[in-house]
Amino acid sequence: MKAVVYEAFSKPPRLMNVADPSPERHGVVIQVLGTGVCRSDWHGWKGHDPDIELPHVPGHELAGIVAEVGNDVTRWKVGDRVTVPFVGGCGACAQCNSGNQQVCHTQFQPGFTHWGSFAEYVGIHQADLNLVALPESMDFATAASLGCRFATSFRAIVDQGNVSAGQWVAVHGCGGVGLSAVMIAQAIGANVIAIDISQEKLDLARALGAVATLNAQCVADVTEAVLEITQGGAHVSLDALGHPTTCFNSINNLRRRGKHVQVGLMLADHATPAIPMSKVIAHELEIYGSHGMQAHRYGAMIEMITSGKLAPEKLVGKTISLAQSIDALTNMDRFETAGVTVITEF
Ligand SMILES: [Zn+2]
Ligand SMILES: [Zn+2]
């Protein structure tokens with residue numbers, strides 16, 4: 001099969017012919033028909049992820065059809081249209097047993113712990129536990145865009161943030177994760193305030209339902225501005241970027257007993273940011289992480305999509321070919337595009 005392979009970190013990947021994967025007894029092989037290009041793939045390629053062994057194939061936001069099925073798989077057959085969460089569970093640890101496959105002790109992450117989906121085919125472990133059926137009405141580019149940013153935002157807003165109608169929700173950073181969060185929070189009935197340094201992204205956030213936007217470069221103090229607009233602070237606030245500044249602001253702009261949800265990754269130099277812990281104590285703030293979403297929670301999200309309440313296809317930006325993905329990946333830090341870039345030609 002064709003695959004995008006890198007043999008050294010930060011060196012240009014190459015489009016190569018490599019051996020086709022074969023399914024494990026409990027796994028499947030998926031023919032990839034859509035796969036998103038994500039900042040996590042860029043971090044992996046830069047060498048920021050200790051799980052990656054070289055040579056490596058990136059890609060974790062995938063959708064496609066089941067091409068081969070292992071002998072022990074009971075729920076899936078060749079031809080099924082599927083996607084997978086970016087964290088797959090082992091099915092045997094305490095977290096998996098409690099339904100929290102997103103924090104499995106021995107988790108499977110295509111494109112990180114194993115070869116990923118910048119390829120014609122990808123092998124997936126524990127298919128009965130980790131695959132998600134796609135409705136016929138959903139195209140593969142849209143389905144691929146659910147796999148990481150949209151699903152993570154859904155969990156952050158719905159399950160971790162427990163957002164309810166009428167609450168103020170602040171979203172710091174309006175890339176793919178942040179814009180997804182804006183759409184999901186407003187669908188639930190929250191008042192969303194979106195914060196970014198790009199007017200283009202703020203305009204997109206407003207089009208997706210944010211009731212207020214803040215350009216962090218145009219206000220003296222982001223925290224003060226949020227406290228003023230929300231008359232006391234956000235009930236729930238997300239750092240959707242993953243940066244010490246947005247993390248700090250997201251905690252600092254909460255109202256008393258508010259919740260911060262860290263969604264953006266904090267890697268390398270940013271792994272241990274300073275946070276206003278005195279305020280966390282005095283105001284009884286809550287701090288959560290959000291790390292993907294379990295396959296069994298996708299049903300709730302997909303129902304909101306098929307009913308028309310959520311429209312993730314609005315967040316798909318460009319569709320590109322597998323060959324073009326090399327430039328898209330390696331230039332990710334330089335040309336951040338609005339919307340999610342998805343590989344749809346293999
Ligand atoms: Zn597990
Ligand atoms: Zn991703």
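Note that the structure is a prediction, hence the values are computed from the model and not measured.

Caption draft 1: Molecular detail of the coordination of the zinc ion (ligand 2). Around the zinc ion (ligand 2), the donor atoms from the protein are Cys 38 (SG), His 60 (NE2), Glu 61 (OE) and Cys 148 (SG), and they sit 2.1 to 2.2 Å away. Metal-centred angles of 94 to 123 degrees between the four donor atoms at the zinc ion (ligand 2) mark the site as tetrahedral. In terms of primary sequence, the donors binding the zinc ion (ligand 2) are separated according to C-x21-H-E-x86-C. You can see Cys 38 sitting in the loop between strand E3 (28–37) and helix H1 (39–46) and its partner Cys 148 sitting in helix H4 (residues 140–160), a full 110 residues away along the chain. Like Cys 148, Cys 38 is buried.

Caption draft 2: Representation of the environment of Asp 80 within the structure. With respect to the helices and strands, Asp 80 occurs in the loop between strand E4 (61–69) and strand E5 (81–83). When the C-alpha atoms of Asp 80 and Ala 133 are compared, they prove to be 7.4 Å apart, with 53 residues separating the residues in sequence. Asp 80 has contacts with Gly 64, Ile 65, Val 66 and Arg 75, leaving out every residue within four places of it along the chain. A polar atom in the side chain of Asp 80 sits 2.9 Å from the side chain of Lys 77.

Caption draft 3: Structural context of the nonpolar core. Of all hydrophobic cores here, the largest spans 50 residues; its most connected members are Phe 150, Ile 157, Val 169, Val 182, Leu 238, Met 301 and Leu 310. Contributions of two or more residues to this core are made by H4, strand E8 (168–172), helix H5 (176–188), strand E9 (191–196), helix H6 (199–207), strand E11 (234–239), helix H10 (298–306) and strand E15 (340–345). No other element matches H4, which puts 10 residues into this core. Once you skip the residues sitting within four places of it in the chain, Phe 150 turns out to touch Ser 145, Ser 180, Met 183, Ile 184, Met 301, Ile 305, Leu 310, Pro 312 and Leu 315. Core analysis: the second largest hydrophobic core is formed by 20 residues, Tyr 6, Trp 42, Val 57 and Phe 118 among them.

Reading the values: rules and limits
- Residues numbered from 1 in each chain as written.
- Chains lettered and ligands numbered in written order.
- Predicted model: local features only at pLDDT ≥ 70, side-chain atom pairs only at ≥ 80, totals over all residues.
- Heavy atoms only, no water.
- Donors = N, O, S within 2.8 Å, 3.2 Å for Na, K, Ca; no water.
- Tetrahedral: all angles 85-135°; square planar, octahedral: opposite > 155°, others 65-115°.
- Helix = DSSP H or I, 4+ residues; strand = E, 2+ residues; numbered from the N terminus.
- Buried < 20%, exposed > 50% of the residue type's maximum accessible area, 1.4 Å probe, protein only.
- Contact = heavy atoms within 4.5 Å.
- Polar contact = N/O pair within 3.5 Å; in protein donor to acceptor, adjacent residues only side chain to side chain.
- Core = buried A, V, L, I, M, F, W, Y, C linked by side-chain atoms within 4.5 Å.

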